[in-house]
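An overview of the molecular structure
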Amino acid sequence: MTAVKRPQLRKLVRGIGVRQIRLSCGLVLFAYLISHFLNHALGNISADALADGVYYHTVFWQFLPVAILFYTAVFTHMGLGLWALYQRRQFRWKAIEPLQLVLGLSIPALVIAHIVGVRVGQTLYGQEKLYPQVFYAYWVYWPYKKWLMFLVLNIAWIHGCIGLYFWLRMKKFFTAAAPYLLAAAILIPTLAMLGLYQGGRAIVTDSTSAEWRAANLGSEQVGTTHEQDVLADITEYFLWGYFGLIGLALVARGARLLLERRRGMVALSYGNGRTVRIPKGLSVLEASLRHNLPHASVCGGRARCSTCRIRIIGDLSVVPPPSKREAFILDRVSTGGDPSIRLACQLRPEGDLSFFQLFMPHVLSANAHAAQSHRIGEERYLVSMFVDMRGSTKLAEKLLPFDTVFIVNRFLGAVSQAVSECGGQPNQFVGDGLLALFGLATGPETACRQAVRAAAAIAANIDELNHVLGHDLREPIRFGIGIHGGEVIIGDIGYRDHIVFTALGDAVNVAARLQDMTKTLGCEVVVSDDVCKTARLLLDAAEEHTVPIRGRAEPMTVHSIADARMLSATASDAGPVAA
């Protein structure tokens, strides 16, 4: 058991980087924000509801383990924000990314007076500043501060929502969940601000009473003049220190720029013949952005996808070893064993480098806004099916070219019809072969059953095609099918007018390998064991094999079916398949 867990633990640790730590801390802070906003929203009910809500909110967040986690997240997230200001060399990303950074850096300066007045005041002097005292301060004593409070509420909420969007947009459930998340993102802060407004308005009325002032504005609640002066000094010292750290980060950026210029420049040669010179220390992706060179990067350079991959040409000695995070991503797409393949967002070359991009950048068309949201890149479970026509080379030798093309087109048409009728999508046509995708609009189990059912339908269609073309063929058309499922990246890949929607990932590569395996195993279909288990299918007519897969470290269990027509009974037994 321990031997099984250790590799998994090592793999998990390799996948943790600065961004993952920042995300984890951000999730803790966003959870606090939601709790606080929901507490504010109780003001729409009554002042008593506000008081009850803040009691449970305080009990939970001041529970020692939770408090330690919370304050660790606060200081870590703030420190990593300053680090991002220093570390980010290129700000010519989409406007939403620098906006997120600016909003995040402004939050500590805007909220520190409230934190010191309420939390530090309680810790140092035992002051009990709850909603009545805060409302009085912001609605009566300093009425302008209520607008500052509404401002910081919106800034903190927008900053957190942007971070959640960048995290969730590549998840397979995001498209379905997006409308509900948007509704929550609008409703929660709106109710919170309305609750604060209702509470503040009630305090404006109540504060005219001498009895209310005596009960809520005593020294045990708001402190003495000396205590307030001390808290004001703490706030001022923090602001000086915080702005000093921001200034230090900016000065460090300038010093780094001068140092990099003194260290020299490196030349990057792209596969299209373009060469640019950059200071040492820039990543390849940052160099592309700095010089306005298109470079695919679905995740925006966060090392959460592999679409910015490049293949290095020539000497690899000038290339530093990959970081743990980069190695983790490359291993996920089964390219970790090839030292010439690297992530452009992580590689910072120390010498001249020649390379070409593995995926051409996505250039938006004029109607890009009308495109489906998943086309910008999404990670989800799909079943990939590769179908290949056997003997097409011999066919071309014995027939006229136009006749050969006619027969291949009839073959691809028969396969595509079967795939479409079973709920799949014909995706790519490569010569006399086809890649089909299942699961674009269904769950994994349904997608696996659709693919198995499609294999049987393909066999039936090819039998009919052989009958129709019998007088033109010296021997019947034969085929091979490979089926495998797994997490892939789907999106538009290509350049300018040659952009296609397709899937990228290990699962697609394995399906192609299984199709090739039908030749050596002497069968028509090879299905991975993962697909059979996900679909809950019992392939009685299949033979089980444990075979090595090129590009994978461990062997894989597969099932070979000599006659694809035998799958029709299996697919029928599996129950109805949603199209």
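Residues numbered from 1 in each chain as written. Predicted model: local features only at pLDDT ≥ 70, side-chain atom pairs only at ≥ 80, totals over all residues. Heavy atoms only, no water.

1. Focus on the overall build of the chain
Selection rule: We count a stretch as a helix when DSSP gives it H or I for four or more residues in a row; a strand needs E for two or more, and each element gets its number in order from the N terminus. Between buried and exposed lies partly exposed: a residue is buried under 20% and exposed over 50% of the maximum accessible area for its type, with that area taken using a 1.4 Å probe on protein chains only. Any pair of residues with heavy atoms lying within 4.5 Å of one another is described as a contacting pair. Surface exposure here means Shrake-Rupley accessible area, sampled with a 1.4 Å probe, where a residue is shielded only by the protein chains that are shown.
Across its full length, the chain holds 19 helices and 13 strands. Residues classed as buried in the chain amount to 45% of the 579 residues present. A separation of at least 24 residues holds for 72% of the contacts in the chain among residues at least 6 apart in sequence. Accessible surface computed for the chain: about 30,100 Å², of which carbon and sulfur atoms make up 62%.

2. Overview of the pattern of salt bridges
What counts, and what does not: We define a salt bridge as a side-chain nitrogen of Lys or Arg found within 4 Å of a carboxyl oxygen belonging to Asp or Glu.
Enumeration according to the criterion identifies eight salt bridges in this entry. The partner of Glu286 in a salt bridge is Arg348, and the shortest N-O contact between them spans 3.1 Å. Linking Glu286 in helix H12 (residues 284-290) with Arg348 in the loop between strand E4 (341-343) and strand E5 (353-357), this pair joins segments that are 62 residues apart in sequence. The shortest N-O distance in the salt bridge between Arg449 and Glu445 comes to 2.7 Å. Of this pair, Arg449 and Glu445 both sit in helix H16 (residues 444-468), four residues apart, which is roughly one turn of that helix. For Glu445, a relative accessible area of 25% puts it in the partly exposed group. Look at the salt bridges and you will find they share partners, linking Glu445, Arg449 and Arg536 into a network.

3. Some remarks on the sheet that holds strand E2 (residues 275-279)
Basically, it comes down to this: At least two DSSP bridges between two strands are required for those strands to pair. Every axis corresponds to a line fitted to the C-alpha atoms, with the helix fit spanning only the stretch in contact, and the corresponding angles, defined between N-to-C directions, vary from 0 to 180 degrees.
Spatially, E2-E1-E5-E3-E4 is the arrangement adopted by the five strands of the open sheet, whose pairing is mixed. Where the open sheet ends on each side, the last strands, each with one partner, are E2 and E4. Strand-to-strand twist across the sheet, computed as the mean angle between neighbouring axes with direction ignored, equals 40°. Here strand E3 (residues 309-313) runs beside E4; their pairing, made up of three bridges, is antiparallel.

4. Brief notes about the pairing of strand E8 (residues 433-438)
In terms of residue burial, E8 counts as a mostly covered element, since six of its six residues are buried. Burial along E8 is two-sided: the face carrying Gly433, Leu435 and Leu437 and the face carrying Leu434, Ala436 and Phe438 are both buried. In this structure, strand E6 (residues 378-390) lies alongside E8, joined through six bridges in antiparallel fashion. Each bridged residue has a counterpart across the sheet, and for Asp388 the counterpart in E8 is Gly433. Direction of pairing for strand E7 (residues 425-430) relative to E8: antiparallel, over a ladder of five bridges. Residue Val430 lies in a different strand from E8, and its bridge partner there is Gly433.

5. So, helix H4 (residues 64-87)
Within an α-helix, residues lying three or four positions from one another point in the same direction, as the helix has 3.6 residues per turn. Keep this limit in mind: To estimate how far a helix should reach, multiply one less than its number of residues by 1.5 Å.
In this model, H4 (24 residues) spans 33 Å end to end at C-alpha, consistent with the 34 Å of a helix rising 1.5 Å per residue. Among the residues of H4, Val66, Ala67, Phe70, Ala73, His77, Leu80, Gly81, Leu82, Ala84 and Leu85 are the ones counted as buried. Contact partners of the buried residues in H4: helix H2 (18-41), helix H3 (47-61), helix H5 (96-125), helix H7 (145-168) and helix H11 (225-263).

6. Some details on the environment of Leu469
Within the secondary structure layout, Leu469 lies in the loop between H16 and strand E9 (478-495). Taking the C-alpha atoms as reference, Leu469 lies 9.7 Å from Arg410; in sequence the two are 59 residues apart.

7. Structural notes on the packing of H4 against H11
Let me state the cut-off plainly: Any angle that is under 35 degrees is reported as roughly parallel, and any over 145 degrees as roughly antiparallel; angles of 65 to 115 degrees are reported as roughly perpendicular and all others as oblique. Crossings are classed by handedness, with left-handed meaning an anticlockwise turn of the near helix from the far one by less than a right angle and right-handed meaning a clockwise turn. Ten residues, namely Ala, Val, Leu, Ile, Met, Phe, Trp, Tyr, Cys and Pro, are considered nonpolar, four, namely Asp, Glu, Lys and Arg, are considered charged, and the remaining ones, Gly among them, are considered polar.
Orientation of H4 relative to H11, taken along the N-to-C sense of each, is 30°, at an axis distance of 8 Å. The angle between H4 and H11 places the two elements in the roughly parallel class. Of the two possible hands of crossing, H4 and H11 adopt the one that is right-handed. The residues of H11 that touch H4, namely those facing Met78, Leu82, Leu85, Tyr86 and Gln87, are Phe238, Tyr242, Leu245, Ile246, Ala249, Leu250, Ala252, Arg253 and Arg256. Tallied by class, residues from the contact of H4 with H11 come to 11 nonpolar, one polar and two charged.

8. As for the packing of aromatic side chains
Selection criterion: Stacked, tilted and edge-to-face are the three classes applied to pairs of Phe, Tyr and Trp rings, where Trp contributes its six-membered ring and a pair requires centres within 6.5 Å; stacked means planes under 30 degrees apart, edge-to-face means over 60, and tilted covers the rest. Should the NZ of a Lys or the CZ of an Arg lie within 6 Å of a ring centre and within 35 degrees of the ring normal, that charge is described as sitting over the ring.
Taken as a whole and judged by the stated rule, the model has 20 aromatic pairs. Ring centres 6.1 Å apart and planes at 40° place the aromatic pair Tyr136 and Trp212 in the tilted group. Separated by 76 residues along the polypeptide, Tyr136 in helix H6 (residues 131-141) and Trp212 in helix H9 (residues 210-216) bring together distant segments of the chain. Classification of Tyr136 as buried rests on a relative accessible area of 11%. Residue Trp212 is classed as buried on the basis of its relative accessible area, which comes to 14%. By the ring-pair criterion, three or more aromatic residues cluster together here, those being Tyr32, Phe60, Trp61, Phe70 and Tyr71. Directly above the aromatic system of Trp142 lies the positively charged group of Lys145, at a separation of 4.1 Å from the ring centroid. In this structure, Arg256 packs its charged tip against the face of Tyr86, placed 4.6 Å from the ring centre.

9. Overview of the nonpolar core
Short version of the rule: We define the nonpolar core as a collection of buried residues of types Ala, Val, Leu, Ile, Met, Phe, Trp, Tyr and Cys that are connected through side-chain atoms lying within 4.5 Å of one another.
Of all hydrophobic cores here, the largest spans 46 residues; its most connected members are Met385, Phe411, Ile458 and Ile483. Secondary-structure elements contributing two or more residues to this core are E6, helix H15 (401-421), E8, H16, E9, strand E11 (525-528) and helix H18 (529-535). Ranked by residue count, the leading element in this core is H16, at 12 residues. Setting aside anything within four residues of it in sequence, one finds Phe411 in contact with Val387, Asp388, Met389, Asp432, Ile462, Leu465, Ile477 and Phe479.

10. Some thoughts on the confidence of the model for the chain
Going by this rule: Confidence scores labelled pLDDT are given residue by residue by the predictor and lie between 0 and 100.
On average, the chain scores 83 in pLDDT, and the residues at 70 or more come to 86%. A low-confidence stretch, residues 574-579 (pLDDT under 50), is modelled with 12 contacts involving residues beyond four sequence positions or located in other chains.

11. Some thoughts on the side chain of Glu227
Applied cut-off: Counting rule for charge: Lys and Arg are taken as positive, Asp and Glu as negative, and neither His nor the chain ends is counted.
Position of Glu227 relative to the elements: it lies in helix H11. Although Glu227 is buried, it forms no salt bridge, and the closest oppositely charged side chain is Lys129 at an N-O distance of 7.8 Å.

12. What about the state of the cysteines?
The condition is simple: By convention in this document, the label disulfide applies to cysteine sulfur atom pairs within 2.5 Å.
Under the criterion given, the structure shown has zero disulfides. There is no disulfide at Cys308, and the cysteine sulfur nearest it, in Cys345, is 3.8 Å away. On the accessibility criterion, Cys308 (2% relative accessible area) is buried.

13. What about the side chain of Gln515?
Along the chain, Gln515 falls in helix H17 (residues 506-521). Taking the relative accessible area as the measure of exposure, Gln515 reaches 7% and is therefore buried.

14. Things to note about the environment of Ala418
By the element assignment, Ala418 lies in helix H15. For Ala418, a relative accessible area of 0% corresponds to the buried category. As for Ala418 and Ile462, which are separated by 44 residues in sequence, their C-alpha atoms are 9.8 Å apart. What Ala418 contacts, discounting residues up to four positions off in sequence, is Ala454, Ala457, Ile458 and Asn461.

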